[in-house]
Amino acid sequence: MKPITKEVYLKWYEEMQFWRKFEDKLAALYIQQKVRGFLHLYNGQEAILAGALHAMDISKDKMITAYRNHVQPIGMGVDPRRVMAELLGKGTGTSQGLGGSMHIFSKEHGFYGGHGIVGGQIPLGAGIAFADKYFETGGVTLTYFGDGAARQGSLHETFNMAMLWKLPVVFIVENNGYAMGTSVERTANHTDIWKLGLGYEMPCGPVDAMNPIKVAEAMHEAIERARRGDGPTFLEMKTYRYRGHSMSDAQHYRTKEEVEEYKKIDPITQVLDIIKDKNYATQDEIDVIDQRVRDLVDECEKFAEESPYPELNVMYDVVYDQKDYPFLSHKL
């Protein structure tokens with residue numbers, strides 16, 4: 001695995017801090033009704049992305065996830081201004097403002113969504129991995145899903161096929177404990193989700209996903225196994241979200257005390273503590289990073305606010321491939 005150096009810690013801190021502040025801004029814009037529909041935030045789970053990116057080769061590896069999908073494409077190289085514009089429904093967004101919060105997508109940067117159907121991305125991730133194996137690209141696909149989606153039948157069909165064909169895929173369940181609002185304990189008679197891999201003799205195990213170092217180590221091993229042609233791995237990332245399932249979630253299923261307890265192991269704080277303990281940066285240098293993060297968030301908001309909405313015809317032009325489709329009318 002690539003060494004975790006001073007530069008890596010500083011990069012992790014700045015990136016995770018930016019992802020957190022970026023989504024805090026989205027929450028504020030949602031309250032102002034500038035972001036419509038649903039909004040699922042990643043606050044608390046940032047170590048999963050930070051650790052994974054350290055282990056990946058983003059020049060050929062790919063990523064697919066569910067609807068909690070705003071910061072992953074940014075990590076893969078998508079312009080954050082375009083991500084924010086997409087959430088505001090603007091024509092400069094990643095899908096010209098037509099995808100919105102749950103459907104960020106960038107083939108150019110190896111990010112394949114953003115899927116609103118619970119568990120729908122699990123077989124798709126295996127399909128992308130099949131293409132990599134067929135065309136011998138050397139790429140590995142990271143397929144993320146939540147603890148609620150782990151109960152979908154498509155997971156079992158996909159696991160069986162992925163093991164049978166030794167596909168270069170890493171399956172990752174981001175277990176934040178509550179799915180939409182039902183605890184893991186109430187959804188099955190077992191709480192160790194990673195053990196689902198045992199039935200397929202798939203390498204599997206739990207990971208402390210509040211710590212990017214632990215994530216990077218586990219992801220490196222899984223990615224290298226896939227790249228060697230030895231097939232998939234199933235990792236259970238044990239994490240926690242500080243906000244509700246979505247902005248409309250009243251969070252009656254947990255206490256404020258529980259949330260505060262988990263904030264004591266905030267992945268951003270853990271990284272910052274290491275930076276301070278090892279004297280990797282002075283407080284003034286940390287302040288400069290924080291200001292840089294705030295400035296970039298402001299720049300993203302300004303770009304999104306000032307961008308135009310897509311032209312009306314765009315909504316029609318991307319639906320039908322046949323230009324003279326007989327039932328198509330631009331009249332409203």
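Heads up: the structure comes first, above all this text.
Residues numbered from 1 in each chain as written. Predicted model: local features only at pLDDT ≥ 70, side-chain atom pairs only at ≥ 80, totals over all residues. Heavy atoms only, no water.

Q: For this particular structure, what's the right way to read the overall build of the protein?
A: In terms of helices and strands, the protein carries eleven helices and five strands. Expected size for 332 residues packed as a compact globule is a radius of gyration near 20 Å; at 20 Å, the protein falls within 12% of this value. Out of the 332 residues in the protein, the part that is buried amounts to 50%. The contacts in the protein between residues at least 6 apart in sequence include a share of 73% that link residues at least 24 apart. Total accessible area on the protein stands at roughly 15900 Å², and carbon and sulfur atoms take up 53% of it. In the protein, the 38 positive side-chain charges and the 47 negative ones have mean positions that sit 2 Å from each other. (Helix = DSSP H or I, 4+ residues; strand = E, 2+ residues; numbered from the N terminus. Rg over C-alpha atoms; globule rule 2.2 N^0.38 Å. Buried < 20%, exposed > 50% of the residue type's maximum accessible area, 1.4 Å probe, protein only. Contact = heavy atoms within 4.5 Å. Areas by Shrake-Rupley, 256 points an atom, 1.4 Å probe, with all protein chains shown as cover. Lys, Arg positive; Asp, Glu negative; His and termini not counted. Charge placed at Lys NZ, Arg CZ, Asp CG, Glu CD.)

Q: How should unusual backbone geometry be read in this particular structure?
A: Where the residue is not glycine, phi is negative for most of them; where a peptide bond is considered, it is trans in most cases. For the peptide bond that leads from glycine 113 to glycine 114, omega is 20°, which places it in the cis range. Secondary-structure assignment places glycine 114 in the loop between helix 4 (80-87) and helix 5 (121-135). Even without glycine at this site, glutamate 201 takes up a positive phi of about 55°. Turning to its location among the elements, glutamate 201 is positioned in the loop between strand 3 (169-175) and strand 4 (204-208). Taking relative accessible area as the criterion, glutamate 201 reaches 70% and is therefore assigned exposed. Positive phi values are uncommon outside glycine, yet asparagine 279 reaches one of about 55°. One can find asparagine 279 in the loop between helix 9 (267-277) and helix 10 (283-306).

Q: What am I meant to see in the pairing of strand 5 (residues 233-238) here?
A: If a strand is regular, its side chains alternate between the two faces of the sheet. By the criterion of burial, strand 5 is predominantly enclosed, with five of the six residues buried. In the sheet, strand 3 pairs with strand 5 via six bridges, with the strands oriented parallel. Each bridged residue has a counterpart across the sheet, and for phenylalanine 171 the counterpart in strand 5 is phenylalanine 234. What joins strand 4 to strand 5 is helix 7 (residues 212-227), and the crossover it makes is right-handed. (Pairing = 2+ DSSP bridges. Right-handed = clockwise from strand over helix to strand, strands pointing away.)

Q: Looking at this structure, how should I read the side chain of arginine 68?
A: With respect to the helices, strands and loops of the structure, arginine 68 is situated in the loop between strand 1 (62-64) and helix 3 (71-75). Within the buried core, arginine 68 has no salt-bridge partner, and the shortest N-O distance to an opposite charge, that of glutamate 174, equals 6.4 Å. Reaching out from arginine 68, the side chain makes a polar contact with the backbone oxygen of histidine 245 at a distance of 3.2 Å. Not counting the four nearest positions on each side in its chain, arginine 68 is found in contact with His40, Leu41, Tyr42, Gln45, Asn176, Arg241, Gly244 and His245. (Salt bridge = Lys/Arg side-chain N within 4 Å of Asp/Glu carboxyl O. Polar contact = N/O pair within 3.5 Å; in protein donor to acceptor, adjacent residues only side chain to side chain.)

Q: Which parts of the structure should I look at to understand the pattern of salt bridges?
A: Note that side chains of opposite charge can pair when their charged atoms are close. This structure, assessed with the given rule, holds 18 salt bridges. Through salt bridges with shared partners, one network takes in Arg20, Glu46 and Asp266.

Q: Is there a simple way to explain the sheet that holds strand 1 in this structure?
A: Pairing between the strands of a sheet comes from backbone hydrogen bonds, and it takes one of two forms, parallel or antiparallel. Within the open sheet, the five strands sit side by side as 1-2-3-5-4. Their pairing is parallel. In this open sheet, the two edge strands, each paired with only one partner strand, are strand 1 and strand 4. Neighbour-to-neighbour, the strand axes of this sheet turn through a mean angle of 20°, independent of strand direction. Pairing of strand 1 with strand 2 (residues 141-146) involves three bridges; the strand directions are parallel. When the bridges of strand 2 are listed, lysine 62 appears paired with threonine 141. Strands in contact with helix 5 are strand 1, strand 2 and strand 3; relative to strand 2, the strand with the most contacts, it is inclined by about 175°. (Axes fitted to C-alpha atoms, helices over the stretch in contact; angles between N-to-C directions.)

Q: What is the right way to read helix 4 from this model?
A: In an α-helix there are 3.6 residues to a turn, and that puts residues three or four apart on one side. Helix 4 sits mainly inside the fold: six of its eight residues count as buried. Considered for burial, the residues of helix 4 that qualify are Pro80, Val83, Met84, Ala85, Glu86 and Leu87. Each element contacted by the buried residues of helix 4 is listed here: helix 1 (6-31), helix 3 and helix 10. One side-chain oxygen at the N-terminal end of helix 4 lies 2.9 Å from the backbone nitrogen of arginine 81; it belongs to aspartate 79. Once helix 4 ends, the next one or two residues include glycine 89, with phi positive near 75°.

Q: I keep staring at the environment of phenylalanine 234 and nothing clicks. Help me out?
A: As for its position among the elements, phenylalanine 234 is in strand 5. The spatial distance from the C-alpha of phenylalanine 234 to the C-alpha of valine 169 is 9.0 Å, given a sequence separation of 65 residues. With residues near it in sequence (within four places) discarded, phenylalanine 234 still touches Phe145, Phe159, Phe171, Val173, Ile193, Trp194, Leu196, Gly197, Met202, Pro203, Cys204 and Gly205.

Q: What is the right way to look at the packing of aromatic side chains in this model?
A: The description of an aromatic ring pair uses the distance of the two centres, along with the angle that the planes make with each other. Using the criterion set out here, one finds 14 aromatic pairs in the structure. On the numbers, 5.8 Å between centres and 90° between planes, the contact of tyrosine 9 with tryptophan 12 is edge-to-face. Here tyrosine 9 pairs with tryptophan 12, and both are found in helix 1, just three residues apart, close to one helical turn. Look at tyrosine 9 and you get buried, because its relative accessible area is 7%. Judged by relative accessible area, which is 3%, tryptophan 12 ranks as buried. With a centroid separation of 5.0 Å and an interplanar angle of 65°, the aromatic rings of phenylalanine 159 and phenylalanine 234 are classed as edge-to-face. Here phenylalanine 159, found in helix 6 (residues 153-164), pairs with phenylalanine 234, found in strand 5; they are 75 residues apart in sequence, far enough to count as distant. For the pair phenylalanine 159 and phenylalanine 234, one class covers both residues: buried. Three or more aromatic residues link up through ring pairs in this structure, and these residues are Phe145, Phe159, Phe171, Tyr200 and Phe234. Note that lysine 263 overlies the ring of tyrosine 242, its terminal NZ or CZ placed 5.9 Å from the centroid. (Phe/Tyr/Trp six-rings, centres within 6.5 Å; stacked < 30°, edge-to-face > 60°. Lys NZ or Arg CZ within 6 Å of the ring centre and 35° of its normal.)

By themselves, these are just geometric observations and shouldn't be taken as functional.
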